[in-house]
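Chain by chain, the residues run as shown.
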Amino acid sequence: MRIWAIWGAVFLAFAGASAARADVKMTGSFVADSACPATQAIKSGKNPGNISTAAGQSYDLLAGNKDAPTHYLIRVPGADPERRWVKISCGHVSGGNASAMPLHRHLPSRTSHRRPESRNMSSR
């Protein structure tokens, strides 16, 4: 009986992990530099209504797909659904907290804290 409970817990853990979203919340505006597809899904490229960004147009920035995003989630008024993904190379971010690079803490290298080599003191 315990083994079934363990297997059930493992299954639920994996099911929950696959449903988790990796979006990184961002604020500000995405300004399109050119016309690019605004897709409903990154992997499939599904684009109901064949929606594209318009060069020079500003869109609400909602999220990035990860810490160092390849795509931004924007709001496209009038599209169904309004939340769409665009490649970051399609435009630039204005205002807000968006960043194309993750923030890393500087960690000292192991070699920077070497102890001095001990010398043989018996040669006096």
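Up top you'll find the structure we're talking about.
Reading the values: rules and limits
- Residues numbered from 1 in each chain as written.
- Predicted model: local features only at pLDDT ≥ 70, side-chain atom pairs only at ≥ 80, totals over all residues.
- Heavy atoms only, no water.
- Helix = DSSP H or I, 4+ residues; strand = E, 2+ residues; numbered from the N terminus.
- Buried < 20%, exposed > 50% of the residue type's maximum accessible area, 1.4 Å probe, protein only.
- Areas by Shrake-Rupley, 256 points an atom, 1.4 Å probe, with all protein chains shown as cover.
- Polar contact = N/O pair within 3.5 Å; in protein donor to acceptor, adjacent residues only side chain to side chain.
- Contact = heavy atoms within 4.5 Å.
- Disulfide = S-S within 2.5 Å.

### Looking at the overall build of the protein
Then comes step 1: A tally of helices and strands in the protein yields one helix and six strands.
Then comes step 2: For the protein, the succession of helices and strands along the chain, N to C, is α-β-β-β-β-β-β.
Then comes step 3: Scored against the burial criterion, the 124 residues of the protein give a buried share of 23%.
Then comes step 4: Summed over its atoms, the accessible surface of the protein is roughly 9600 Å², and 56% of this surface lies on carbon and sulfur atoms.

### Details of the side chain of Asn47
Then comes step 1: Relative to the elements of secondary structure, Asn47 occurs in the loop between β2 (29–32) and β3 (58–64).
Then comes step 2: Residue class for Asn47 comes out buried when judged on its relative accessible area of 18%.
Then comes step 3: Polar contacts involving the side chain of Asn47 include one to the main-chain amide nitrogen of Ile51, which spans 2.9 Å.
Then comes step 4: Residues within four places of Asn47 in sequence aside, it is in contact with Pro37, Ala38, Thr39 and Arg84.

### Here's the deal with the state of the cysteines
Then comes step 1: Inspection of every chain in the model, using the stated rule, returns one disulfide.
Then comes step 2: Across a sulfur-sulfur distance of 2.3 Å, Cys36 and Cys90 are joined as a disulfide pair. Disulfide Cys36 to Cys90: torsion about the S-S bond roughly 110°, handedness right-handed. Separated by 54 residues along the polypeptide, Cys36 in the loop between β2 and β3 and Cys90 in the loop between β5 (83–87) and β6 (91–94) bring together distant segments of the chain. By the burial criterion, Cys36 is buried, and Cys90 matches it.

### A word on the environment of Ser89
Then comes step 1: Relative to the assigned elements, Ser89 resides in the loop between β5 and β6.
Then comes step 2: In this structure Ser89 comes out as exposed when scored by relative accessible area, which is 66%.
Then comes step 3: It is 8.1 Å that separates the C-alpha atoms of Ser89 and Thr70, two residues lying 19 residues apart in sequence.

### Details of the environment of Thr70
Then comes step 1: Position of Thr70 among the secondary structure elements: in the loop between β3 and β4 (71–75).
Then comes step 2: Residue class for Thr70 comes out partly exposed when judged on its relative accessible area of 36%.
Then comes step 3: Taking the C-alpha atoms as reference points, Thr70 and Val86, 16 residues apart in sequence, are found 8.5 Å from one another.
Then comes step 4: Those residues in contact with Thr70 that sit more than four places away from it in its chain are Asn65, Val86, Lys87 and Ile88.

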